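Structural description and commentary
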Amino acid sequence: MGEVDPAFIQATEHRPKLNTIQIEGIPLIDLSVSDTRDLKQLVSEIGNACKKWGFFQVINHGVPLELCTRIKEAAKTFFDRPIEEKMKVKRDEVNAMGYHDSEHTKNVRDWKEVFDFLLEDPTFVPASPEPEDKEIRTLTNQWPENPPEFREVCQEYAREVEKLGYKLLELISLSLGLPANRLSGYFKDHTGMLRLNYYPSCPCPDLALGVGRHKDASALTVLSQDDVGGLQVKRKTDGEWIPVKPIPNAFIINVGDTVQVWSNELYESVEHRVVVNSEKERFSVPCFFFPCHSVMVKPLEELVNEQNPAKYKEYSFGKFFVARNRSDYKKLEVENIQIHKFKISN
Ligand code: OGA
Ligand code: NI
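Residues numbered from 1 in each chain as written. Chains lettered and ligands numbered in written order. Predicted model: local features only at pLDDT ≥ 70, side-chain atom pairs only at ≥ 80, totals over all residues. Heavy atoms only, no water.

Section: the environment of Pro246
Its place among the elements puts Pro246 in the loop between β13 (241–243) and β14 (251–255). The exposure class of Pro246 is partly exposed, given its relative accessible area of 26%. With 61 residues separating them in the primary sequence, Pro246 and Gly185 have C-alpha atoms 33 Å apart. What Pro246 contacts, discounting residues up to four positions off in sequence, is Gln225, Asp226, Asp227, Val228 and Gly229. (Helix = DSSP H or I, 4+ residues; strand = E, 2+ residues; numbered from the N terminus. Buried < 20%, exposed > 50% of the residue type's maximum accessible area, 1.4 Å probe, protein only. Contact = heavy atoms within 4.5 Å.)

Regarding the UniProt feature "domain: Fe2OG dioxygenase" (unreviewed entry) in the protein
UniProt feature "domain: Fe2OG dioxygenase" (unreviewed entry): in the numbering of this structure it lies at residues 189–291. For residues 189–291, helix accounts for 6% and strand for 39%, while the C-alpha atoms at its two ends are 8 Å apart. (UniProt positions renumbered as here; feature names shortened; annotations may be inferred.)

What about the sheet that holds β13?
Across the sheet, four strands lie side by side as β10-β15-β12-β13; this open sheet has antiparallel pairing. One side of each edge strand has no neighbouring strand; the edge strands of this open sheet are β10 (211–214) and β13. For this sheet the average axis-to-axis angle between neighbouring strands, irrespective of direction, equals 20 degrees. (Pairing = 2+ DSSP bridges. Axes fitted to C-alpha atoms, helices over the stretch in contact; angles between N-to-C directions.)

Quick look at the site of ligand 1
The full set of residues close to ligand 1 is Asn197, Tyr199, His214, Asp216, Leu223, Leu231, His272, Val274, Arg282, Ser284, Pro286 and Phe288. Here an oxygen atom of ligand 1 sits 3.0 Å away from a polar atom, N or O, in the side chain of His272. The greatest single-element share of the shell around ligand 1, amounting to four residues, is contributed by strand β16 (residues 282–289). (Near = heavy atom within 4 Å. Polar contact = N/O pair within 3.5 Å; in protein donor to acceptor, adjacent residues only side chain to side chain.)

Remarks on the coordination of the nickel ion (ligand 2)
Coordination sphere of the nickel ion (ligand 2), protein contribution only: His214 (NE2), Asp216 (OD) and His272 (NE2), at 2.1 to 2.2 Å. Of note, the nickel ion (ligand 2) draws all its donor residues from one chain, in the sequence arrangement H-x1-D-x55-H. With Asp216 in the loop between β10 and β11 (220–225) and His272 in strand β15 (residues 272–274), this residue pair connects regions lying 56 residues apart in the sequence. Residue class for Asp216 comes out buried when judged on its relative accessible area of 5%. (Donors = N, O, S within 2.8 Å, 3.2 Å for Na, K, Ca; no water.)

Here's the deal with the nonpolar core
Formed by 79 residues in total, the largest nonpolar core has its most connected members in Ile46, Phe115, Leu168, Leu220 and Phe251. Residues in contact with Ile46, not counting those within four places in the same chain, are Ile29, Leu31, Phe56, Leu168, Leu171 and Ile172. The next biggest cluster of nonpolar side chains, apart from the first, holds 19 residues, and it includes Trp53, Cys204, Leu223 and Leu231. (Core = buried A, V, L, I, M, F, W, Y, C linked by side-chain atoms within 4.5 Å.)

Observations regarding the pattern of salt bridges
Scanning all chains against the criterion turns up 25 salt bridges. With a shortest N-O distance of 3.2 Å, Glu45 and Arg37 are connected by a salt bridge. When its relative accessible area of 13% is taken as the criterion, Arg37 is described as buried. With its nearest N and O atoms 3.0 Å apart, the salt bridge here joins Lys236 to Glu268. (Salt bridge = Lys/Arg side-chain N within 4 Å of Asp/Glu carboxyl O.)

Brief notes about the environment of Leu303
Summarising the element assignment, Leu303 is placed in the loop between β17 (296–297) and β18 (315–316). Excluding anything up to four places from it in sequence, Leu303 contacts Leu176, Leu178, Trp262, Ser263, Asn264 and Asn308.

Some words on the side chain of Arg91
Mapping Arg91 onto the fold places it in the loop between α3 (83–87) and β3 (98–100). Take Arg91: its relative accessible area is 3%, and that puts it in the buried class. A distance of 3.2 Å separates a polar atom in the side chain of Arg91 from a polar atom in the side chain of Glu103.

So, the packing of aromatic side chains
Any aromatic ring pair is given by two values, namely how distant the centres are and how the planes are angled relative to each other. Tallied over the entire structure, the rule returns 24 aromatic pairs. Here Phe78 and Tyr99 contribute two aromatic rings whose centre-to-centre distance is 5.9 Å and whose plane-to-plane angle is 75 degrees, an arrangement assigned as edge-to-face. Of this pair, Phe78 sits in helix α2 (residues 65–79) while Tyr99 sits in strand β3, placing them 21 residues apart in sequence. Here Phe78 and Tyr99 have matching classes, each one buried. Aromatic side chains Phe79 and Tyr99 sit 6.3 Å apart centroid to centroid with 50 degrees between the ring planes, which places their arrangement in the tilted category. Within this pair, whereas Phe79 is found in helix α2, its partner Tyr99 is found in strand β3, the two being separated by 20 residues in sequence. Given the relative accessible area of 3%, Phe79 is considered buried. Tyr99 sits in the buried class, given a relative accessible area of 1%. (Phe/Tyr/Trp six-rings, centres within 6.5 Å; stacked < 30°, edge-to-face > 60°.)

Topic: unusual backbone geometry
Residue Pro122 is bonded to the preceding Asp121 through a cis peptide linkage, with omega at 5 degrees. Omega for the bond connecting Asn146 with Pro147 falls within 30 degrees of zero, at -5 degrees, which places this linkage in the cis form. Looking at the element boundaries, Pro147 is found in the loop between β8 (136–139) and α4 (150–175). A positive phi angle, near 50 degrees, is found at Lys106, a position not held by glycine. Positionally, Lys106 belongs in the loop between β4 (104–105) and β5 (108–109). For Lys106, a relative accessible area of 27% translates into the label partly exposed.

Next up, the structure:
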C-alpha cells in the first residue's frame, strides 16, 4: 500500500486532527474482586462506563499477557509474508474468513490489512439477507502455512478471550439488573469471530484512516492493542474524537449494536475509528461476540414497560449480519444496513 490511491481519501469532515491533546479518557476498570471492592461495586463501574462512554478498558482480566504478545508476533510474521502467500488464504465470496487488504468502511477504503477467523469452526449463517430465503451457509476457517505456529496461537488466544467475553456479558447483564446468565443462551452456536488488524505506516495520515468511523454490530467487542495507539472514540457528550491510550496488558471493551437493542438504548453502541501513523505500523486484535444467527434481537422484555416502550422492532441477527457484511468486498453506492432501520418511531 505504498502510494496513495484516491480510494483511501476521506471526505474533509472525516479527516483526523493529528495533534489532539490527551484529555479525559475512557474508564479503566479492574476486574478483580477483593475484600475492599465487592462485585456490586464492579458491576456499578461497568454499568456507568457502558452508559457514559460505551467503551472502557479492563485489567486483571485473566488472559495471560504472554498470549497477547504471541498473537501480535504471529500477526506481524504473517502480514510480513509476500502478498502472493497471503493471497492463498484470501477472503472472498466463497471463503468468508481469511486475509483481506481492501476493506471499506462507509465506502472509503481502510488503510489496513486483516485476517479473520471464526471462534467456532464451522459456523452457520443465512445464505442470503432475503427474509424468505431459509438456506443456511456453512462458514469455515482457512489457515496460512506460515508462520507454522500461527493457527495454534490464534486458537489458544481465542479460547482465553472467549472466557473473558462471557465474564463481561455476565457483568453487563448484572449491571442491567438482570440475572448474570440472562444473555448466555443467545451465544449457543454463536457466530463470533476474531480479527487480526495490521495498520501499515501511512504517508498521508491526515487524509486516510485505518478504519473509518463505524459502530460494531457485535454484542460486545474485546480488543487487545499494541503500544502505538490510534483508536479514537466519539465522546457522547460533545461528539469529540477521544484517543484511547494504550495501557500495557489491558483490553479495550465496547458494547456493540446488539447490546444497544437488548438494553433498549440504555447502553449505546458508540462510533469509533482508527487514525494511522506516518512512522509506525500498528497491530490490534478485536474479538467480536456475535449471537447465534437464529436469535431474534429485540429489547429485553424485563427492560421495557408502558413508560419505557421498546425502541426497536425485532430482527433476525443472522439476516442483519449477512446484509451488513455485503459491503466488505465492494464499494457500494449506499450505506450498509444499520440498526436504525429497525427503530420504532414514537
Ligand atoms: C474494528 C475496530 C479498532 C482498532 O476492527 O472494528 O474498531 O483499534 N478496530 O483496531
Ligand atoms: Ni470497531
